[in-house]
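Observations on the three-dimensional arrangement
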Amino acid sequence: MKDRIRVGLIGFGTVGTGVVRILSKEKDLITRRLGVPLTIAQIADRDITRKRDIAVPPDILTTDPQRLIQNPDIDIILELMGGIEPARDFILNAIYNKKHVVTANKALLAAHGEEIFDAACKENVDVGFEASVGGGIPIIRAIKEGFSGENISAVFGIVNGTSNYILTQMSEKGREFLDVLKEAQTLGYAEADPTLDVSGGDSAHKLAILATLAYGTPVPIEEIYTEGIDHVTPLDITFAETLGYKIKLLAIAKHFDGKIEARVHPTMIPKEEMLAQVNGVFNAIYIIGESVGESLFYGRGAGSMPTGSAVVSDLIDIARNIQNGTNTRVPHLAYLPKTRTRLPICPITAIDSSYYLRFRVGDRPGVLSEISGVLGRHNISIASVIQEGRKGSSSGDGVLLVMMTHQAKEADIQAALSRINQSPFVFEPAVLIRVEEKNNNGLTRNIRT
Ligand code: HSE
């Protein structure tokens, strides 16, 4: 038994300062729960002179992460620097040095998780990554432990706080995309490279982690179909609202017939659904299990303190293992490594969904019937149509035509749109947004459970 557990923190940024603040503020509480103090012994950052809003003793600061990795007194290396290299190198070095690791680095785990967890298995060390998905929501532990007896058919939800914050502000306040993005950066929600947030990349990283845990299979990031919110316009948000929907960036993973469906894209959901009411920086993730039915996890998905809270929970978990002389009691990736299999990931063209389609077309007789004719020939049934009235006397910009389809095959939709987009009466490529609705069992209709 140790008289305290010592942590070496690499990366003293937004989340790092949250962790330091929680460990200081909740010192007594944590000691009562763990039995011994949990302390930050050393901190490495490229910039140790910048003034942070939490004070630490200057002698624990260094610019050299190797001093932490090689320090025999440090039990756990906490990697919060983000990015792929040198974070991967530091984590692997820490593991080979028999240090346990905690990380919030979803991009790294999505790209190199298999290598990192293989090494951790060989060296018999724990790797905690609760903060990598859902900010303060304990979704990783829920899947690995709370649902360890569940056959999970679907995991889906809102997993990027920045995008959700932007969509909420655009929809509720009519604010400009770039203006809200800047605010999300100031609030510490966005990634160092915010294109990861708005292009759907960050959600895809998180989905890769969730699906890997749920299904016991590697989920290569490049096989996740990914669209972001960067092309969602105020016009489509307004049409969605007229039709009774909200647009949310959803990450969706399903398991059926021995295959995985994994996709990230803006999605229209009926405004009365709970996911449609998840606003601002909040995330919400559904787990659908055969025995448990549906469970929804809701909380702050980004920010210094919520994400710091998830990191501290990992530190305590590993510290408890150290004190109990055990480790890797729960398999890193929820399944025993030798039982993991490689399940195929379906391409986006293989999915079924209903669709919102928006066209800008010439205002002349026969256009509506030409478009509906092409859709019909591709087995796509139209559920409703809105045609925006002619504005002013000029029809040079065309008119807007919005269609909602019934359930259709994505391959058919893409083939139909490619045909329609070539037509001389179509002024710009059609906009497509997938629609998810629930059936009477409370399950998302497009989720085959
Ligand atoms: N940039 C991420 C988000 C941070 O906005 O959700 C939390 O992973």
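Just so it is clear, the model here is predicted, and its values are computed rather than measured.

Overview of the site of the ligand
With respect to spatial proximity, 13 residues lie near the ligand, and among them Lys106, Thr162, Tyr189, Glu191 and Asp197 are the closest. Taking lysine 206, its side chain carries an N or O atom lying 2.8 Å from an oxygen atom of the ligand. Here the ligand has 250 Å² of accessible area as a free molecule, and 94% of this is covered by the chains. Among the elements of the structure, α7 (161-173) and α10 (201-215) are those that each provide at least two residues to the shell around the ligand.

Some remarks on the environment of leucine 108
One can find leucine 108 in helix α5 (residues 106-123). Since its relative accessible area comes to 0%, leucine 108 is described here as buried. C-alpha separation for the pair leucine 108 and valine 180, spaced 72 residues apart in sequence, amounts to 27 Å. Here leucine 108 is in contact with Gly83, Ile84, Ala87, Arg88, Ile91, Gly113 and Ile116, once residues within four sequence places are set aside.

Focus: the packing of aromatic side chains
A full pass over the atoms with the stated rule returns five aromatic pairs. Seen from their ring centres, tyrosine 165 and tyrosine 189 are 5.6 Å apart, and the 75 degrees between their planes marks the pair as edge-to-face. Placement of tyrosine 165 in helix α7 and of tyrosine 189 in the loop between α8 (177-186) and α9 (195-198) is noted, with a sequence separation of 24 residues between them. You can call tyrosine 165 buried: its relative accessible area is 11%.

Focus: the domain arrangement of the protein
Domain parsing of the protein yields domain 1 (5-135 + 304-339), domain 2 (145-299) and domain 3 (349-435). For domain 2 and domain 3, the distance between their C-alpha centres works out to 26 Å. Counting residues at the interface gives 16 residues for domain 2 and 13 residues for domain 3. Interface area for domain 2 against domain 3, summed over the two sides, is near 1300 Å², with a carbon-plus-sulfur share of 69%. The interface formed by domain 2 and domain 3 contains two salt bridges. Arginine 358 is paired through a salt bridge with aspartate 236; the nearest N and O atoms lie 2.6 Å apart.

A closer look at the nonpolar core
Judged by nonpolar contacts, the single largest core of 82 residues is most densely connected at Ile95, Ile139, Leu210, Tyr215, Met268 and Tyr356. Here this core takes nine residues from α10, the largest share from any one element. When sequence neighbours within four positions are dropped, the list of residues in contact with leucine 210 reads Val133, Ile139, Ile140, Ile143, Val155, Val159 and Ile285. Formed by 33 residues, the second largest nonpolar core is a distinct cluster that contains Val20, Leu23, Leu80 and Ala319.

Criteria and thresholds
- Residues numbered from 1 in each chain as written.
- Predicted model: local features only at pLDDT ≥ 70, side-chain atom pairs only at ≥ 80, totals over all residues.
- Heavy atoms only, no water.
- Near = heavy atom within 4 Å.
- Polar contact = N/O pair within 3.5 Å; in protein donor to acceptor, adjacent residues only side chain to side chain.
- Areas by Shrake-Rupley, 256 points an atom, 1.4 Å probe, with all protein chains shown as cover.
- Helix = DSSP H or I, 4+ residues; strand = E, 2+ residues; numbered from the N terminus.
- Buried < 20%, exposed > 50% of the residue type's maximum accessible area, 1.4 Å probe, protein only.
- Contact = heavy atoms within 4.5 Å.
- Phe/Tyr/Trp six-rings, centres within 6.5 Å; stacked < 30°, edge-to-face > 60°.
- Domains from an automatic or database assignment.
- Buried area = accessible area lost by both parts, 1.4 Å probe.
- Salt bridge = Lys/Arg side-chain N within 4 Å of Asp/Glu carboxyl O.
- Core = buried A, V, L, I, M, F, W, Y, C linked by side-chain atoms within 4.5 Å.

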